[in-house]
Amino acid sequence: MQYVNLNDGNKMPILGYGVYQIEDPKECQRCVEDALAVGYRLIDTAQAYFNEEAVGAAIKTALAGGVRREELFITTKLWISDMSESGAARAFEASMKKLGLEYLDLYLLHQPFGDVYGAWRTMSRLKNEGRIRSIGVSNFYPDRLMDFCLHNKIAPAVDQVECSPLYARFEE
């Protein structure tokens, strides 16, 4: 596996397996187990996908089968309904319980809506406590990302955006 070095010193696999729209828990768990069995080590889920428990079950199976936790890079995202300082803390704990993890490799703000600065303060604190290795954003346009970087002590390590031939974006 090749890796990219993030701005905070952590390394992230360049290829990952995402579980967006895999709503059936058994199907999601099977898909993640299969992905881990063939060598994927980055697994991407989100609070809004409603499948963190299935991902957590697959991770537990992989760990029981000999995969080491340090080999995995697990990402989840904070949804806009919890986009506040206190909401982010509650949502993070709920995600960690569903995933069955002691720490998270990457936690992202899913959308640039709501109190992103309050949520970021919580995420920064959790990063400083060692509960999250890297923090970042998702679906931020360049102007929002620049503003966000300029007004926070910790800059996002990632801006995750969809890039697919099936979802073309044309800039005017």
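Refer to the structure printed above.
What this report covers is the structure whose coordinates are included nearby. Bear in mind that the values here come from a model prediction, so they are computed numbers and not experimental data.

### Section: the packing of helix α3 (residues 85–99) against helix α4 (residues 116–128)
Move 1: The contact between α3 and α4 brings their axes to 6 Å, and the two run at 50°. When the axis of α3 is compared with that of α4, the two are oblique. Between α3 and α4 lies a crossing of right-handed hand. Between α3, through Glu85, Ala88, Ala89 and Phe92, and α4, the contact on the second element is made entirely by Gly118, Ala119, Arg121, Thr122, Arg125 and Leu126.
Move 2: Tallied by class, residues from the contact of α3 with α4 come to five nonpolar, two polar and three charged.

### Let's talk about the sheet that holds strand β5 (residues 73–78)
To summarise the sheet geometry, strands pair through backbone hydrogen bonds and adopt either a parallel or an antiparallel arrangement.
Move 1: Taken in spatial order, the six strands line up as β3-β4-β5-β6-β7-β8 in an open sheet, and their pairing is parallel. The sheet is open, and its two borders are formed by β3 (16–18) and β8 (159–160), each paired with just one other strand.
Move 2: Bridging between β5 and strand β6 (residues 104–109) involves four bridges; their strand directions are parallel. Counted as the bridge partner of Lys77 is Leu108 from β6.

### So, the nonpolar core
Move 1: Among the nonpolar cores identified, the biggest contains 38 residues, and Val32, Val55, Ile74, Leu78, Leu104, Tyr107 and Leu109 are the most heavily contacted of them.
Move 2: Val32 has contacts with Tyr17, Val19, Ile43, Val55 and Ala58, leaving out every residue within four places of it along the chain.

### Things to note about the pattern of salt bridges
Move 1: Within the structure shown, the criterion is met by 12 salt bridges.
Move 2: Salt-bridge contacts for Arg41 lead to Glu71; the nearest nitrogen and oxygen are separated by 3.3 Å. Here the residue Arg41 occupies a position in the loop between α1 (25–37) and β4 (42–44), and Glu71 occupies one in the loop between α2 (52–64) and β5, the gap between them amounting to 30 residues.
Move 3: On the basis of relative accessible area, Glu71 is assigned to the partly exposed category, the value being 28%.
Move 4: Between Glu129 and Arg125 there is a salt bridge, with the nearest N and O atoms lying 3.1 Å from each other.

The rules behind the values
- Residues numbered from 1 in each chain as written.
- Predicted model: local features only at pLDDT ≥ 70, side-chain atom pairs only at ≥ 80, totals over all residues.
- Heavy atoms only, no water.
- Axes fitted to C-alpha atoms, helices over the stretch in contact; angles between N-to-C directions.
- Helix = DSSP H or I, 4+ residues; strand = E, 2+ residues; numbered from the N terminus.
- Parallel < 35°, antiparallel > 145°, perpendicular 65-115°, else oblique.
- Left-handed = near helix turned anticlockwise from the far one by under 90°.
- Contact = heavy atoms within 4.5 Å.
- Nonpolar A, V, L, I, M, F, W, Y, C, P; charged D, E, K, R; others polar.
- Pairing = 2+ DSSP bridges.
- Core = buried A, V, L, I, M, F, W, Y, C linked by side-chain atoms within 4.5 Å.
- Buried < 20%, exposed > 50% of the residue type's maximum accessible area, 1.4 Å probe, protein only.
- Salt bridge = Lys/Arg side-chain N within 4 Å of Asp/Glu carboxyl O.

From the geometry alone we can't say anything about function, so treat these as descriptive.
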